Amino acid sequence: MPEIVFRRLALIGIGLIGSSLARVARARGDIAEELVVHDSTPAALARAAALGLGDRYEADVSTAVSGADGVILCAPVGAFASIAEAIAPHLAPGAILSDVGSTKQSVLRDVGALVPAGVHFVPAHPVAGTEYSGPDAGFAELFEGRWCLLTPPAGTDRAAVARMTELWRRTGAMVEEMDAAHHDRVLAIVSHLPHLIAFTICGTADDLADETRQEVLQFAASGFRDFTRIAASDPTMWRDVFLNNREALLEMLARFLEDAQAMARAVRWGDGSYIEDKVNRGRKIRRSLIELKQA
Ligand code: NAP
């Protein structure tokens, strides 16, 4: 592995994830010799420059990727197809094209087909984030101790996978390879469904009469407060995640609704042991997360 992972690394999108990656790369100095930053929003690009997140700031995406040996898409997944179309003719032979998108089959579909011969495509998903967005929201420690899942298509050059693994290891992440379809099912239950539930429960509370809503806010107990934190996430990013992991998300939602119905039945018929059993399972899961240092 080279001392520095990439000679020129281009980050396309400089929000929470892109700017966190830029910050850790700047702080360590052994991830990229030169960091090129692009964002489609001029204000985000100007803010990235003011924060000193890169070596160069390019408003034109094709200029940003020209001559780069590493390109990482850090925009919402719904924008990937048009970005891939714009950059494909400008990618250098031998370059590695990667991303940080939260859905992976859609990335294979939207980007995979447009990758020119001689360019290595190594999709990735750092399973780390907060409810904040934009270049100011990032921080260098975001990926420390978190998982980064790589979903390279079959036949991907192993040296390219090893280089992306090394990049993510240097951010402090633990790296694992996974099939894209499996990734989407796992993330549907551990991330996408909890967000769907949070957005929905906040909407339900908001729909209640004015008087009740005030009480909801005034007496918000920790359960509801935790939902509001998750529900404060970026609307574009989450719209794109839901629409790009449709099948797995709907499958997990259907299973959840069945289980919620079973819980409702237990409440209706006074089945205390069923309720206790479910609460105990929840406590057990929380304990395992704490033991795995993922809480
Ligand atoms: P973010 O803070 O909203 O940043 C995304 C940035 O990309 C914004 O500055 C956005 O500009 C810009 N952008 C939008 N369309 C673009 C385009 N066509 N070309 C270049 N830049 C574009 O979002 P984020 O949380 O960093 O998420 C970025 C990616 O990481 C997403 O694919 C998401 O699925 C993935 N991810 C997110 C999390 C999380 O928890 N947040 C965790 C893991 C992975 P505008 O704001 O003007 O649209």
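Residues numbered from 1 in each chain as written. Predicted model: local features only at pLDDT ≥ 70, side-chain atom pairs only at ≥ 80, totals over all residues. Heavy atoms only, no water.

### Considering the domain arrangement of the chain
Interfaces are often described in size by the accessible area the parts lose on coming together. Put simply, the rule reads: Note that the domain bounds reflect an automated or database-derived domain assignment. The contact criterion used is simple: two residues touch if any of their non-hydrogen atoms lie within 4.5 Å. By buried area we mean the combined loss of accessible area, with a 1.4 Å probe, across both parts when two parts are placed together. Salt bridge, as applied in this entry: a Lys or Arg side-chain nitrogen positioned within 4 Å of an Asp or Glu carboxyl oxygen. In DSSP terms, a helix is any run of H or I states spanning at least four residues, a strand is any run of E spanning at least two, and both are numbered starting from the N terminus.
Split by domain assignment, the chain resolves into domain 1 (6-178) and domain 2 (182-291). Computed from C-alpha atoms alone, the centre-to-centre distance between domain 1 and domain 2 is 30 Å. Opposite the 18 residues of domain 1 that make contact, domain 2 presents 15 residues. Counting the surface domain 1 buries against domain 2, the share from its top three residues, Ser-102, Glu-131 and Met-178, is 39%. For the pair domain 1 and domain 2, the number of links is one salt bridge. Measuring nitrogen to oxygen at the nearest pair gives 3.4 Å for the salt bridge that ties Glu-131 to Arg-229. Looking at the side of domain 1 that touches domain 2, the element that brings in the most residues is helix H5 (residues 105-110), giving four residues.

### What about the pattern of salt bridges?
The line we're drawing: Burial classes: relative accessible area under 20% of the type maximum marks a residue as buried, over 50% as exposed, and values in between as partly exposed (1.4 Å probe, protein chains only).
Counted under the stated rule, the structure contains 16 salt bridges. One salt bridge in this structure joins Asp-110 and Arg-109, with 2.8 Å as the shortest N-O distance. With relative accessibility at 52%, the residue Arg-109 sits in the exposed group. We note a salt bridge from Arg-158 to Glu-177, for which the minimum N-O separation is 2.6 Å. In this pair, Arg-158 sits in helix H6 (residues 158-170) while Glu-177 sits in strand S9 (residues 174-177), placing the two residues 19 residues apart along the sequence. Relative accessible area serves as the criterion here: at 39%, Glu-177 is assigned to the partly exposed category. Among the charged side chains, a salt-bridge network with shared partners connects Arg-8, Glu-34, Arg-56 and Glu-58.

### Brief notes about the sheet that holds strand S5 (residues 96-99)
Our working definition: Strand pairing is defined by DSSP finding a minimum of two bridges between the two strands.
Reading across from one edge, S3-S2-S1-S4-S5-S6 is the order of the six strands in this open sheet, with parallel pairing throughout. Both outer strands of the open sheet, strand S3 (56-57) and strand S6 (120-122), are each paired with one neighbouring strand and no more. For strand S1 (residues 6-12) and strand S2 (residues 32-38), the ladder comprises six bridges, and the chain directions are parallel. Paired with Arg-8 across the bridge in S2 is Glu-34.

### A word on the sheet that holds strand S8 (residues 147-150)
Two modes of strand pairing occur in sheets, parallel and antiparallel, and in both the strands are linked by backbone hydrogen bonds. Quick note on the threshold: The angle between two axes is taken between their N-to-C directions and runs from 0 to 180 degrees, where each axis is a line fitted to C-alpha atoms and a helix contributes only its stretch in contact.
With mixed pairing, the three strands of this open sheet are ordered in space as S7-S8-S9. Each having just a single partner strand, strand S7 (124-126) and S9 make up the two edges of the open sheet. Averaged over all adjacent pairs, the angle separating strand axes in this sheet is 20 degrees, with direction ignored. Bridge count for S8 against S9 is four bridges, and the pairing is parallel. Bridge pairing links Cys-148 to Val-175 in S9.

### Re the packing of helix H7 (residues 180-207) against helix H10 (residues 235-244)
Heads up, the condition is: Angle categories are assigned with fixed cut-offs, so that under 35 degrees is roughly parallel, over 145 is roughly antiparallel, 65 to 115 is roughly perpendicular, and the rest are oblique. We call a crossing left-handed when the near helix sits turned anticlockwise from the far one by less than a right angle, and right-handed when that turn is clockwise.
Viewed as axis vectors pointing N to C, H7 and H10 meet at an angle of 120 degrees, and their least axial separation amounts to 11 Å. Classed by the angle they form, the pair H7 and H10 counts as oblique. The crossing of H7 and H10 is left-handed. Contact with H7, carried on its side by Ser-191, His-192, His-195, Leu-196 and Phe-199, involves Trp-238, Val-241 and Phe-242 of H10 and no other residues of that element.

### Considering the site of the ligand
In plain terms, the rule: By convention in these notes, a residue is near a molecule or strand provided one of its non-hydrogen atoms lies within 4 Å of it. Here a polar contact is taken to be a pair of N or O atoms separated by no more than 3.5 Å, where protein atoms must pair a possible hydrogen donor with a possible acceptor and residues adjacent in sequence count only if both atoms sit in side chains. Throughout, the Shrake-Rupley method with a 1.4 Å probe supplies accessible areas, and for residues the shown protein chains are the sole cover considered. Residues are grouped as follows: Ala, Val, Leu, Ile, Met, Phe, Trp, Tyr, Cys and Pro are nonpolar; Asp, Glu, Lys and Arg are charged; every other residue, Gly included, is polar.
The immediate surroundings of the ligand are formed by 27 residues, with Asp-39, Thr-41, Ala-75, Ser-102 and Gly-134 found nearest. Taking Thr-41, its side chain carries an N or O atom lying 2.3 Å from an oxygen atom of the ligand. Considering the ligand on its own, with 880 Å² of exposed area, one finds that the protein chains cover 83% of that surface. Elements with a contribution of two residues or more to the shell around the ligand: helix H1 (16-28) and S7. A class-by-class count of the residues in the shell around the ligand yields 13 nonpolar, 12 polar and two charged.

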